[in-house]
Amino acid sequence: MSTKATPKSSKTSKSNKGAQSVKHESDDSDSTEVISSSDEEDHWKETARSQELPADYYNIQKLVKYIKAGNPTATIVSLCCLKDYELKLPINQFAIQDIGGLEVLVNLLESNDLKCRLGALHILAEISMNSDIRKSILDLDGIPLLVKILSEPAVDLKTISAETIANVSKIRLARKHVRKCGGIPKLVDLLDVKMEYLTTPRNKLNEDQLEYLNMARAGAKALSSLSESRHNIEAMRKYGLVPLMARLLKSIHFDVVVNMMSTCQQCATQPSYQLAITTEGMIPDIVGHLSSDDLELKMQCSRAIFKCANDKTASDLVRESNGLDPLVAIVKEKNYRENKPLIAAATGAIWKCAAIEKSVKQLDNLRTVQILVQLLNDENDEVLTNVVGAISECVRFQNNRETLRVTGGLPLIVNLLNGTHAPLLENCSKVLTECAKDPESMAILEEMDAVRLIWSLLKNPNPRVQAYAAYALCPCIENAKDSGDLVRSLVGAMELVVGLMKSTDTLVLSAVCSAIATIAKNKENLAILSDHKVIYMLADLVHTKDDLLRENLAAAIASCAPHGTNTQELGRLRTVTPIVGYMVSSNPRVHRTTAMALHRLSEDSQNCITMHQSGVVPFLLETVGSKDRELQEASAGCLQNIRKLALRAEEFTARR
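Keep in mind that what you see is a predicted model, and the values were worked out from it rather than measured.

**Q** I tried to follow the overall build of the chain on my own but got confused; where do I start?
**A** What the chain contains, in helices and strands, is 44 helices and zero strands. For the chain, the C-alpha radius of gyration of 33 Å lies well beyond 26 Å, the compact-globule estimate for 656 residues. Each principal axis of the C-alpha atoms in the chain carries an extent, and together these give about 120 × 55 × 50 Å. Every one of the 656 residues in the chain was classed for burial, and the buried ones make up 55%.

**Q** How should I be thinking about the nonpolar core in this particular structure?
**A** The tendency in soluble globular proteins is for nonpolar side chains to be buried side by side. Ranked by size, the top nonpolar core spans 218 residues in total, and within it Leu-187, Ile-286, Ile-305 and Trp-455 carry the most contacts. Those residues in contact with Leu-187, other than ones at most four positions away along the chain, are Leu-150, Ala-162, Ile-165, Val-178, Gly-219, Ala-222, Leu-223 and Leu-226.

**Q** So what exactly am I meant to see when it comes to empty space enclosed by the protein here?
**A** Left-over empty space is what a probe sized like a water molecule reveals as it rolls over the atoms. A full pass over the atoms with the stated rule returns one cavity of 30 Å³ or more. Considering only enclosed or pocket space, the largest cavity measures out at about 30 Å³ in volume. Forming the walls of the largest cavity are Val-64, Ile-67, Leu-82, Ile-96, Gly-101, Val-104 and Leu-105. Elements with a minimum of two residues in the lining of the largest cavity: helix H3 (55–69) and helix H6 (101–108). Each residue belonging to the lining of the largest cavity can be placed in one class, and the counts come to six nonpolar, one polar and no charged.

**Q** Sorry, what's going on with unusual backbone geometry here?
**A** Peptide bonds are trans in most cases, and residues, glycine excluded, mostly fall at negative phi. Of note in this structure, Asp-141 is not a glycine but carries a positive phi near 60°. Considering the arrangement of structural elements, one finds Asp-141 in the loop between helix H8 (131–139) and helix H9 (142–149). In this structure Asp-141 comes out as partly exposed when scored by relative accessible area, which is 25%. One non-glycine residue, Arg-367, lies in positive phi territory at about 55°. Within the secondary structure, Arg-367 sits in the loop between helix H24 (357–365) and helix H25 (368–373).

**Q** Would you mind going over the layout of surface pockets with me for this structure?
**A** Here the largest pocket defines a volume of roughly 880 Å³. For the lining of the largest pocket, the secondary structure elements donating two or more residues are helix H32 (463–479), helix H35 (506–519), helix H36 (523–531), helix H38 (547–560), helix H41 (588–601) and helix H44 (629–655). Looking at side-chain class alone, the lining of the largest pocket contains 12 nonpolar, seven polar and 10 charged residues.

**Q** Teacher, can you tell me more about the packing of helix H22 (residues 324–332) against H24 here?
**A** How two helices sit against one another is set out by the angle between their axes and by the gap between those axes. It is at 10 Å that the axes of H22 and H24 come closest, and there the two elements cross at 50°. With respect to H24, the element H22 is oriented oblique. You can see that H22 and H24 cross each other, and the crossing is right-handed. Residues Leu-324, Asp-325 and Val-328 of H22 touch H24, and the partners they reach there are Ser-359, Gln-362 and Leu-363. Looking at the contact of H22 with H24, its residues break down into three nonpolar, two polar and one charged.

**Q** Is there a simple way to explain the side chain of Thr-159 in this structure?
**A** Looking at the element boundaries, Thr-159 is found in helix H10 (residues 155–168). Non-local contacts of Thr-159, meaning those with residues more than four positions away in its chain, are made with Glu-211, Asn-214, Met-215, Arg-217 and Ala-218.

**Q** Before we go on, may I ask you to explain H22 in this structure?
**A** The α-helix advances 3.6 residues per turn, and as a result positions three or four apart in sequence lie on the same side. Among all positions of H22, only Leu-324, Pro-326, Leu-327, Val-328, Ile-330 and Val-331 are buried. If you follow the buried residues of H22, they end up packed against helix H20 (295–308), helix H21 (312–320), helix H23 (340–353), H24 and H25.

**Q** I tried to follow the state of the cysteines on my own but got confused; where do I start?
**A** In a disulfide, the sulfur atoms of two cysteines are covalently bonded to one another. The tally for this structure, following the rule as stated, stands at zero disulfides. Here Cys-474 stays unpaired: no disulfide links it, and the sulfur of Cys-476, its closest cysteine neighbor, is 8.9 Å away. Residue Cys-474 is classed as buried on the basis of its relative accessible area of 7%. Its sulfur unpaired, Cys-560 is 8.9 Å from the next cysteine sulfur, which belongs to Cys-513. For Cys-560, a relative accessible area of 0% corresponds to the buried category.

**Q** Mind showing me how you'd approach the packing of aromatic side chains here?
**A** Two aromatic rings, taken as a pair, are described by how far apart their centres are and by the angle between their planes. Tallied over the entire structure, the rule returns three aromatic pairs. Each ring, one from Phe-306 and one from Trp-351, has its centre 6.2 Å from the other, and the planes form 35°; the classification is tilted. Of this pair, Phe-306 sits in helix H20 while Trp-351 sits in helix H23, and the two are 45 residues apart along the sequence. In terms of burial, Phe-306 and Trp-351 fall into one category: buried. Where Tyr-468 meets Tyr-471, the ring centres are 6.2 Å apart and the plane angle is 50°; that geometry is what we call tilted. Here Tyr-468 pairs with Tyr-471, and both are found in helix H32, just three residues apart, close to one helical turn.

**Q** I would appreciate a short explanation of the pattern of salt bridges in the present structure.
**A** It is possible for side chains bearing opposite charge to pair when their charged atoms get close. This model, assessed by the stated rule, comprises 30 salt bridges. Here Asp-192 and Arg-247 are joined by a salt bridge, their closest N and O atoms 3.1 Å apart. Separated by 55 residues along the polypeptide, Asp-192 in the loop between helix H12 (183–190) and helix H13 (195–199) and Arg-247 in helix H16 (residues 241–248) bring together distant segments of the chain.

**Q** Looking at this structure, how should I read the confidence of the model for the chain?
**A** Detailed conclusions should not be drawn from predicted coordinates in areas where pLDDT is low. Model confidence for the chain is summarised by a mean pLDDT of 88, while 91% of its residues fall at 70 or above. Predicted confidence for residues 1–38 stays below pLDDT 50, and this span has 82 contacts to residues more than four positions away or in other chains.

Analysis parameters
Residues numbered from 1 in each chain as written. Predicted model: local features only at pLDDT ≥ 70, side-chain atom pairs only at ≥ 80, totals over all residues. Heavy atoms only, no water. Helix = DSSP H or I, 4+ residues; strand = E, 2+ residues; numbered from the N terminus. Rg over C-alpha atoms; globule rule 2.2 N^0.38 Å. Buried < 20%, exposed > 50% of the residue type's maximum accessible area, 1.4 Å probe, protein only. Core = buried A, V, L, I, M, F, W, Y, C linked by side-chain atoms within 4.5 Å. Contact = heavy atoms within 4.5 Å. 1 Å grid on protein atoms, 1.4 Å probe; cavity = no way out; pocket = protein on both sides within 12 Å on 5 of 7 lines; lining within 4 Å. Points joined across faces, edges and corners; volume = space filled by probe spheres on them. Nonpolar A, V, L, I, M, F, W, Y, C, P; charged D, E, K, R; others polar. Axes fitted to C-alpha atoms, helices over the stretch in contact; angles between N-to-C directions. Parallel < 35°, antiparallel > 145°, perpendicular 65-115°, else oblique. Left-handed = near helix turned anticlockwise from the far one by under 90°. Disulfide = S-S within 2.5 Å. Phe/Tyr/Trp six-rings, centres within 6.5 Å; stacked < 30°, edge-to-face > 60°. Salt bridge = Lys/Arg side-chain N within 4 Å of Asp/Glu carboxyl O. pLDDT = per-residue confidence, 0-100.

Encoded structure:
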């Protein structure tokens, strides 16, 4: 009985044209391998051909010939002998590939002999660490054969097949093939081992139990590679990965946990997984693994927290599980500073956790801001973005603004405004928005000409950078000395702000309206804005349904209305009735600025009539009793103007 399947011509023909015909899975990460061969991948082949080949090269090729032509016994013996060579060496891998050994090994996966398949798999698992060999296995249609083996009853066979899939799935198209061949549910099933195997030391497990434990490890490793695809992540959830993931994270075996944690943090990019990680109680286990001595595991855990801690419940769980201490310890450890992925993950996790006030208080006790300031000289954009993001959350509180100023962090933040990385510029603007509220910090910002740098960010093509730069300008203008002169001294500043009113991004429009509301408080600046026809642009936005834009748009209209004939012109542009409609919002901040705008607009008698006809009075009667003093005064002022007009009308009627 033959031990090998006859090589198929379709497989061998594919290997030559695979580089031209393969298309990548569109939703996968850009960080993984491309199918087409590169000069770097071919370099070792040319080196092998040009140098004197070692004896092992020829011995390996002889063994491959025996595998091709031998009987079942000879094939098994040859495979065993081949395993004894150092197959991680490129020259030995080339020896197998150069003589057509890959085709033979892949075909052996269809053999009826268990030992032949196991031997071939052991070799494929070893040599598939090489990127070029991965591509060859893919081109030879090895994926369906590897997936088929996952259904075999033999545990060791499934384990080695999963190991090989883990290696080959570093390629984008391989990940898609595994999913299309039905490999994901089979790999998820490999994780379903008894809890006692996961929590018992290896030296206390028998041989069968160890096999099941290794099978779970291999399955987790394969899923880690596959989880770089969004489609695969969703398929894993569908086939029941989440509860098994929660179980494996409780394991005491490092190799199981690190592979499962890698899968966990990659899946955490999806909101459905973020919720599942919280509800399945994984956060305490993730926090517990932060104390591991392994830097890779620390990084994976930090990344998972970074992605999940946007949710308040998850962030609270991290704090309650004492997760902030090990995160700060990672950032504080100078020996880790060169490990950029680890530092980026830890600072990112701190950033997201700091959105909660209780977490900030705990971070203050750990002197976190002082530690983060030391990282502001880092050259890695991802690290800097996360560090500045964390600082932006902490400086919402006055004590941390003082700390940032005293430790010399402000000049470093201002210098970062000269960069080009959009997320970093966005976070720098958030920091300066808070620091500008502190008079001493504002003095430093003025001294460093920070306002000009912030204003220049309005030219940035990224809408979020534009938006947060505009928001940062508001407290800077409010708290600067001679703010009116400061704005006018910036060449083209007004034109730039008004020009952004043409943006299609709601966040940008909202931020620019907020900036206009602040700038227009100065009469000379208001006159310049009016000359630039700003009220016409404001009038074009009044039908918005977005509460944030409504809030800031109403504030801008309130600031711009007093100049010249702006009040009458805004009425003529039919802005009054839509603005009255803002009062139905459930947001009290919208009520405040809307009442302010209506108060200003009610200076014109025709606008008062329009307001009354639009049914504004019941809303104003309700808001006039508000505890918000500004809202109360604006509502009362508007009612007063409407009432005055009504009295004049009554008097006029009585005289007639």
